[in-house]
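Summary of structural features
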Amino acid sequence: MIHSQSSTPVGPLWENQSRIDPRHVQMGHFVARLDKPWEDSPFMMQGVLVDNEDTKLWLVRHCAWVVIDLERSLNKAPPTSHARITPGGRQPSDRDAITHPVNILRRARVDRKTMKAALRGYIALDKQARRLIKAFAEGGQLDVHTARSVVKELSSAMEHNLAAMVWLTRIKQQDNYTAEHCINVAILAMGLAHALEWKQPDIELAGVAGLLHDLGKMKLDTSILNKVEQLTPEEFEHLKSHALVGYELLSEDPDVSENITQAVRDHHERPDGHGYPHGKHGAEISPLSSLVAIVDAYDAITSHRVYDAARSHHEALGILWQQRGKQFDKDMVEVFIQFMGWVTPGTLVRLSNNQLAIVVQAKPGQRLLPVVRLLDPSNDGYALGETCDLSTRLTPEGDMQLRIAQVLPDGAEGVDMVRMSADYIAR
């Protein structure tokens, strides 16, 4: 929803208060007023200490202005003169609109129909990923044409099934990491390309590039790929060679476009010039390469690997945010964070009553209060329980009875997302 610039009167300011553009809010500032009623925000009282990037991002996305109170701030640094804004404020971004493609996951909900369609596409993509991996490893014929057809079909259904497709990227099985990683990167790459308003052929290119980006690893020494201990400099150089290996082998295939081979080669290049294989800088890196780099890192961070445990959705977004402009394209990271949101469909969470649940639908401005499916303990793990809209679980006084207390890594607490996905169709 595009915010109104006059939804709440400014009112008088005390000498310790400043009305500023929320983009200039600093960690430790206390926000005393918004340009909208507090009940339209996810904050629980009239005033919020900005102590994490999630809070600042919400303010940037939803407010034309905020009032900071330095007397109540931990950070006493006053805003610079250009940070202060006059009545009228900045114009809201097009991306603030709930109908904008970047907000597709906020208006989409997983249901039985979309899950069934998404699972059908996911299985088809898994089949193609396994075939490509086997052919690449054995030096056989690559069937990229069929893989591209599957990606095209998934891409055409993205508007209707994306929430369920993102849910399925939460399936993380360590013994099938390579295929699942390629599938997840393909899906998330198409989602981010859609959020960036790329044209349909370019969205399909993003999906194929995501599917193929790591195939070069199939030609590497598996003892190095699976090594738990820290790699030696020589072993790390061998690992880094996968980008060029994949590029060179795919370049021989007439069915693979130069845009895709370039993304396979450059998805570990960095804006700051410290990437590989060629140490490219900023504009030397193609948008498709930058896009694959972001979703590749996100899925890897949220997956369990032999040398690192899976981290939560929040931890992954935090790492991307910290590395924007250095390891990853700054603007694209910010779009990806807005696209994915505070929680996504399929996110495993612990509620304030200690019960586990899976997010079904995020809700604009209600980051702690999405629609979830409760998880019921059973003799062999967990089963999907009732659907619960946390925004309606309020006391007569308006206090939250039930909310998200913790965002957990995928697969935590022994929750089997393969089973959860099947349960969704069966129930």
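For the structure, see preceding data.
Each chain has its residues counted from 1, running along the sequence as written. Given that the model is predicted, a residue must reach a pLDDT of at least 70 before its local features are reported, and side-chain atom pairs must reach 80 or more before they are shown or counted; all residues, however, enter totals for whole chains, interfaces and linings. Values shown for side chains rest on all heavy atoms present in the structure; no hydrogens or waters enter the calculation.

1. Quick look at the packing of helix H6 (residues 177–195) against helix H7 (residues 200–212)
We count it as follows: Convention adopted: a line fitted to C-alpha atoms gives each axis, helices being fitted over their contacting stretch, and angles between N-to-C directions are expressed from 0 to 180 degrees. Comment: elements are numbered from the N terminus, with helices defined as DSSP H or I runs of at least four residues and strands as E runs of at least two. Our angle categories are set so that under 35 degrees counts as roughly parallel, over 145 as roughly antiparallel, 65 to 115 as roughly perpendicular, and the remainder as oblique. For a crossing to be left-handed, the near helix must be turned anticlockwise from the far one by less than a right angle; the clockwise case is right-handed. Here, residues are in contact when the closest pair of their heavy atoms is within 4.5 Å. Residues are grouped as follows: Ala, Val, Leu, Ile, Met, Phe, Trp, Tyr, Cys and Pro are nonpolar; Asp, Glu, Lys and Arg are charged; every other residue, Gly included, is polar.
Two elements in contact, H6 and H7, have axes separated by 7 Å at closest approach and are oriented at 155°. Classified by the interaxial angle, the pair formed by H6 and H7 is roughly antiparallel. Viewed along their axes, H6 and H7 form a crossing whose handedness is right-handed. Contact residues: H6 offers Cys182, Ile183, Val185, Ala186, Ala189, Met190, Ala193 and His194, while H7 offers Ile203, Ala206, Gly207, Gly210 and Leu211. When grouped by side-chain class, the residues that make up the contact of H6 with H7 number 10 nonpolar, three polar and no charged.

2. Re the sheet that holds strand E8 (residues 381–389)
Let me state the cut-off plainly: Strand pairing is assigned whenever DSSP identifies at least 2 bridges connecting the two strands.
Taking strand neighbours across the sheet as the criterion, the five strands line up as E8-E7-E6-E5-E9 in an open arrangement whose pairing is antiparallel. Strands with a single pairing partner mark the edges of an open sheet, and in this sheet they are E8 and strand E9 (404–407). Along the sheet, successive strands turn relative to each other by an average axial angle of 40°, direction set aside. Its contacts with the sheet put helix H15 (residues 417–426) on strand E6 (356–361), strand E7 (371–378) and E8, and the angle it makes with E8 is roughly 55°.

3. Section: unusual backbone geometry
Where we set the bar: Each residue's exposure class comes from its accessible area (1.4 Å probe, protein chains only) as a fraction of the maximum for that residue type: buried when under 20%, exposed when over 50%, partly exposed otherwise.
For the peptide bond that leads from Tyr276 to Pro277, omega is 15°, which places it in the cis range. The topology assignment puts Pro277 in the loop between helix H11 (258–266) and helix H12 (287–301). Positive phi, normally seen in glycine, also occurs at Glu197, with a value near 65°. Taking the relative accessible area as the measure of exposure, Glu197 reaches 52% and is therefore exposed. In this structure, Asn354 takes a positive phi of about 80° despite not being glycine. In this structure, Asn354 sits in the loop between strand E5 (348–351) and E6.

4. A few points about helix H13 (residues 313–322)
Using the following cut-off: Read the arc as the range of directions from the helix axis to the C-beta atoms.
Buried within H13 are the following residues: His313, Ala316, Leu317, Leu320 and Trp321. For H13, the arc enclosing every buried residue in end-on projection is 135°, short of the 170-degree limit, so these residues lie on one face. Along its buried surface, H13 packs onto helix H1 (53–62), H12, helix H14 (330–340) and E9.

5. A word on the nonpolar core
Under the convention used in this document: The nonpolar core is taken to be a set of buried Ala, Val, Leu, Ile, Met, Phe, Trp, Tyr and Cys residues, with the residues joined through side-chain atoms within 4.5 Å.
Leu212 and Phe336 are the most contacted members of the largest nonpolar core, which totals 90 residues. Counting residues per element, this core draws most heavily on H6, which supplies 12 residues. Once residues within four sequence positions are removed from consideration, Leu212 is found in contact with Leu132, Val144, Leu250, Val256, Ile260 and Val264. Val349, Leu368, Cys388 and Val407 belong to the second largest nonpolar core, which has 16 residues in total.

6. Focus: the packing of aromatic side chains
Let me state the cut-off plainly: Classification of ring pairs rests on two measures: the distance between centres of Phe, Tyr or Trp rings, Trp counted by its six-membered ring, which must be within 6.5 Å, and the angle between planes, read as stacked under 30 degrees, edge-to-face over 60 and tilted in between. Here, over-ring charges are defined by two tests on the NZ atom of lysine or the CZ atom of arginine: distance to the ring centre within 6 Å, and angle to the ring normal within 35 degrees.
Enumeration according to the criterion identifies four aromatic pairs in this entry. Consider the rings of Phe43 and Trp58, whose centres lie 5.3 Å apart with planes at 75°: the pair is edge-to-face. Linking Phe43 in the loop between strand E2 (30–34) and strand E3 (48–49) with Trp58 in helix H1, this pair joins segments that are 15 residues apart in sequence. Across the pair, exposure class does not vary: Phe43 and Trp58 are buried alike. Arranged with centres 6.4 Å apart and planes meeting at 45°, the rings of Phe336 and Phe339 form a pair that is tilted. One end of the pair, Phe336, and the other, Phe339, are both in helix H14, three residues apart, so they sit about a helical turn from each other. The exposure classification of Phe336 matches that of Phe339, with both residues buried. Members of the aromatic cluster, connected to one another through ring pairs, are Tyr298, Phe336 and Phe339. The lysine or arginine in question, Arg265, covers the ring of Tyr247, its NZ or CZ lying 4.8 Å from the ring centre. Seen from the ring of Tyr424, Arg373 lies directly overhead, with NZ or CZ sitting 4.9 Å from the centre.

7. A short note on the environment of His194
As for its placement among the helices and strands, His194 is situated in helix H6. Between the C-alpha atoms of His194 and Glu159, which are 35 residues apart in sequence, the distance is 8.9 Å. Among residues more than four places away in sequence, those in contact with His194 are Pro101, Ile104, Met158, Glu159 and Ile203.

Purely geometric numbers; function is a separate question.
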